[in-house]
Amino acid sequence: DYIRQVVPDARKIACDFSGIVEKNVWNCEGMQKLLDNPPQVFTSSSYNSSDSQEHHMIKYQELQEKGCFLVHGAGNDGEDGVLNVVKNDVFKAVAAYKLYCGKPKKESFSSVGEEVDFASLDNLRATWDNKRHTGTSFSAPIFAGMVGLVQDFFISKTGKQLEYEKLLEFIKDNCIDVDEEGKDDKSGFGLFILPNPNSIDIAKYTNVIKEENEM
């Protein structure tokens, strides 16, 4: 529902990640479904420590190598630190911030740690019950939805989505500091805000020269 509010026309895939592990290989129908047809972005939240096990991470890494940008809620354990699953370079950990008196403020429960990469908003009204919901399980889908919009924008302009490192650069370039200047343990590189599309320097992130922006 939160993704739908950001990017209503997206093709959304919900996967059951139950499976079996044989000889340290994770056989999972849901994951195989994604690997066969990789989405632009993957978002998840979990309290299951098994998600960070090596055989799971191998599959997540494979999905990333196929061009999927993986996002995960940083966790709701505050000063106790982030979830084990984001203690790697595969997932980007998203903290939860709310608007308080018109300004972004970290949710007290949002996990803190050097692994936090970015911040996004929670405490938004859901359409299914008209209530506000809090947690990094909600900030991560908002962030993922924006990543989907970014990739769609560049596909429309250049014919292909941004490569992983260029997408990261774009996100960092469009973050605003909400805590300490630069990267910090609460918000990472900051709160990701989508820019005005007309202000985007397409040539900075692609091999397309300025005169060829429009397809």
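Structure shown above.
Only a predicted model underlies this, so the values are computations on that prediction, with no experimental measurement involved. Starting afresh in each chain, residues are numbered from 1 along the sequence in its written order. Given that this is a predicted model, residues contribute local features only at a pLDDT of at least 70 and side-chain atom pairs are listed and counted only at 80 or more, while totals for whole chains, interfaces and linings are drawn from all residues. As a rule here, side-chain values come from all non-hydrogen atoms in the structure, and water together with hydrogens is ignored.

Undergrad: Where do I start with the layout of surface pockets in this structure?
TA: Where empty space is left can be seen by rolling a probe of water-molecule size over the atoms. Two kinds of site are reported from a 1 Å grid over the protein atoms alone, namely cavities, where a 1.4 Å probe fits but cannot get out, and pockets, open sets with protein on both sides within 12 Å along at least five of seven lines, and residues are called lining when an atom falls within 4 Å of a point. Grid points are joined across faces, edges and corners, and a volume is the space filled by probe spheres set on the points. Computed from the structure, the largest pocket encloses a volume of approximately 830 Å³. Forming the boundary of the largest pocket are 29 residues, of which Ile-3, Ile-13, Val-41, Phe-42 and Thr-43 lie nearest the centre. Elements represented by at least two residues in the lining of the largest pocket include exactly α1 (2–6), β3 (41–44) and α4 (136–158). Where helices and strands are cited, they refer to DSSP runs of H or I of at least four residues and of E of at least two residues respectively, numbered from the N terminus. It is α4 that contributes the most residues to the lining of the largest pocket, eight residues altogether. The class makeup of the residues in the lining of the largest pocket is 18 nonpolar, seven polar and four charged. One number sums up the size of the second largest pocket: a volume of about 180 Å³. Every residue lining the second largest pocket is listed: Phe-154, Thr-158, Lys-160, Gln-161, Leu-162, Glu-163, Lys-166, Tyr-205, Thr-206 and Asn-207. Here the residues of the lining of the second largest pocket sort into three nonpolar, four polar and three charged. Under the convention adopted here, Pro, Cys and the residues Ala, Val, Leu, Ile, Met, Phe, Trp and Tyr are nonpolar, Asp, Glu, Lys and Arg are charged, and Gly plus all remaining residues are polar.

Undergrad: What's the story with the pattern of salt bridges in this structure? I'm lost.
TA: Pairing between side chains of opposite charge can happen when the charged atoms of each approach one another. Counted as salt bridges are all cases of a side-chain nitrogen of Lys or Arg within 4 Å of a carboxyl oxygen of Asp or Glu. Applying the stated criterion to the full structure yields three salt bridges. When the shortest N-O distance is used, the salt bridge between Glu-107 and Lys-98 registers 4.0 Å. In this scheme, a residue with accessible area under 20% of its type's maximum is buried, one over 50% is exposed, and one in between is partly exposed, where area comes from a 1.4 Å probe on protein chains only. We classify Lys-98 as partly exposed; its relative accessible area is 24%. Linking Asp-173 and Lys-204 is a salt bridge whose minimum nitrogen-to-oxygen distance equals 2.9 Å. Pair noted here: Asp-173 is in helix α5 (residues 164–173) and Lys-204 is in helix α6 (residues 202–205), with a separation of 31 residues, a long-range link. A relative accessible area of 38% means that Asp-173 is categorised as partly exposed. You can call Lys-204 partly exposed: its relative accessible area is 39%.

Undergrad: How should the packing of helix α2 (residues 29–36) against helix α3 (residues 54–65) be read in this particular structure?
TA: Any two packed helices are characterised by how steeply their axes cross, that is the angle between the axes, and by the distance between the axes. Convention adopted: a line fitted to C-alpha atoms gives each axis, helices being fitted over their contacting stretch, and angles between N-to-C directions are expressed from 0 to 180 degrees. Where α2 contacts α3, the axes come no closer than 9 Å and their chain directions differ by 20°. Taken as axis vectors, α2 and α3 run roughly parallel relative to one another. Relative to α3, the crossing made by α2 is left-handed. For the pair formed by α2 and α3, the contact residues are Met-31, Leu-34 and Leu-35 on the first element and Lys-59, Tyr-60, Glu-62 and Leu-63 on the second. Among the residues forming the contact of α2 with α3, the class breakdown is five nonpolar, no polar and two charged. Note on terminology: angles under 35 degrees are roughly parallel, angles over 145 are roughly antiparallel, angles of 65 to 115 are roughly perpendicular, and the others are oblique. Note on convention: near helix rotated counterclockwise from far helix by under a right angle means a left-handed crossing. Clockwise means right-handed. Here a residue-residue contact requires only that any non-hydrogen atoms of the pair lie within 4.5 Å.

Undergrad: I would appreciate a short explanation of the pairing of strand β7 (residues 116–121) in the present structure.
TA: The element β7 is largely enclosed, with a buried count of five among its six residues. Note: two strands are recorded as paired if DSSP finds a minimum of 2 bridges between them. Pairing geometry for strand β5 (residues 91–100) and β7, over five bridges, is parallel. Paired with Val-94 across the bridge in β7 is Phe-118.

Undergrad: Looking at this model, I keep getting lost on α4. Mind explaining?
TA: Along an α-helix, a turn takes 3.6 residues, which lines up residues three or four apart on a common side. Compared with the 33 Å implied by 1.5 Å per residue over 23 residues, the 33 Å span of α4 between its first and last C-alpha is a close match. Among the 23 residues that make up α4, 18 are buried, leaving the element largely enclosed by the rest of the structure. One or two positions beyond α4, positive phi appears at Gly-159, with a value near 90°. Expected helix span is taken as 1.5 Å per residue step, with the number of steps being one fewer than the number of residues.

Undergrad: Can you walk me through the pairing of β5 in this structure?
TA: Counting buried positions over the ten residues of β5 gives seven, a clear majority of the element. Here strand β4 (residues 69–73) runs beside β5; their pairing, made up of four bridges, is parallel. Its bridge partner being in β5, His-72 is matched across the sheet by Ala-93. Looking at chain direction, β5 and strand β6 (residues 103–106) are connected through four bridges and run antiparallel.

No statement about biological role is implied by the geometric values presented.
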